Amino acid sequence: MTHDHPDTPARAVSRPFGRVLTAMVSPFTSDGSLDLDGAARLAAHLVDEQGNDALVVNGTTGESPTTTDAEKERLIRAVVEAVGDRAKVVAGVGTNDTRHTIELAAAAEKAGAHGLLVVTPYYNKPPQSGLLRHFTAVADATGLPLMLYDIPHRSGVPIATETLVRLAEHGRIVAVKDAKGDLTATSWVTSRTNLAFYSGEDSLTLPALAVGAVGVVGTSTHFTGALTKRMIEAYDAGDNATALALHRRLLPLYTGIFRTQGVILVKAGLAAAGLPAGPVRPPLVDATDDEIAQLRADCAAADLELPE
């Protein structure tokens, strides 16, 4: 394995999607249908009030397993129309079927998305050679920049370091949402490629920055976006003490939002704050009263108020 000489100057940091992205929930109406007006209002809140540079729609937090292809396309159009002039919209298009992923990528591009999030194919557990072919085929089929999504605890397969290094050679593969939880692997890839790494785990954002990451694709950032952005900007400015203080302040919510499946608590918190959310779709279940009470406690521990 080769690596840069210690005296080699650091590569220029590229942030193709900014610093802070939120994996946005998909608001539904009370009967469970897609709430496009709510999606537009929520997107505007996340960009204008929470400081998000970009939004990921149709990710797992957007309940992509239970939305139709047509709903996904309508959601992209609604969010692009609402905030596309001042934030980037990244569309989740990943499936465990290369042909279907390419179809979703084409639809997302036509709907106005600025980039694509492509998760490792899940359940069928392809070998690394299969991952290489899958991601390359999607990148070849679109004109949009790709963010790979490395999340082995959901997909069953990690994207190996050597695979990421080879994928980085493709001109449209520009970023990684890194939810592998392996900062050593992250370190090797950021030292050997120009891929922009975004932490896929809210609580690991600050340590990931230390090994070359550039930002976060968050879930708690529905509520912590502005402060998370301040944390990243403090780190970038060399003010490590402020960055660490903000990390410690937000840690109760960075972790607490995942006491159950993340979208469940995000939607409960948004509803409490009077923002568009609605119910979750089965097989997910809405938050219990006890879970909402715990979420309020976690918000309070982070010095953030969730309205009663």
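It should be emphasised that the depicted structure is a prediction, and the values quoted were computed from it without experimental measurement.

Reading the values: the criteria
- Residues numbered from 1 in each chain as written.
- Predicted model: local features only at pLDDT ≥ 70, side-chain atom pairs only at ≥ 80, totals over all residues.
- Heavy atoms only, no water.
- Helix = DSSP H or I, 4+ residues; strand = E, 2+ residues; numbered from the N terminus.
- Contact = heavy atoms within 4.5 Å.
- UniProt positions renumbered as here; feature names shortened; annotations may be inferred.
- Buried < 20%, exposed > 50% of the residue type's maximum accessible area, 1.4 Å probe, protein only.
- Axes fitted to C-alpha atoms, helices over the stretch in contact; angles between N-to-C directions.
- Parallel < 35°, antiparallel > 145°, perpendicular 65-115°, else oblique.
- Nonpolar A, V, L, I, M, F, W, Y, C, P; charged D, E, K, R; others polar.

Here we take up the side chain of Thr 224. Note on placement: Thr 224 falls in helix H9 (residues 221–236). Setting aside residues no more than four positions away along its own chain, Thr 224 makes contact with Gln 50, Leu 250, Leu 253, Tyr 254 and Leu 304.

Once that is clear, we can look at the UniProt feature "binding site: pyruvate" (unreviewed entry) in the protein. Residues given the UniProt feature "binding site: pyruvate" (unreviewed entry) here are Thr 61 and Val 217. For this annotated set, covering 157 residues, all C-alpha atoms fall within 10.9 Å of each other, a compact arrangement in space. Since its relative accessible area comes to 12%, Thr 61 is described here as buried. Residues within four places of Thr 61 in sequence aside, it is in contact with Ala 23, Met 24, Val 25, Ser 26, Thr 219, His 222 and Val 263. With respect to the helices, strands and loops of the structure, Val 217 is situated in strand E8 (residues 215–218). Judged by relative accessible area, which is 1%, Val 217 ranks as buried. Sequence-distant contacts of Val 217, that is, excluding residues within four places in its chain, are made with Leu 21, Ala 23, Val 56, Met 147, Lys 177, Tyr 198, Ser 199, Gly 200 and Asp 202.

Running from N to C, helix H11 (residues 262–272) and helix H12 (residues 289–301) cross one another at 75 degrees; their axes reach a closest spacing of 10 Å. The orientation of H11 with respect to H12, classified from their angle, is roughly perpendicular. Touching Leu 265, Ala 268, Gly 269 and Ala 272 of H11 are Glu 291, Ile 292, Leu 295 and Arg 296, all from H12. Of the residues in the contact of H11 with H12, the class split is five nonpolar, one polar and two charged.

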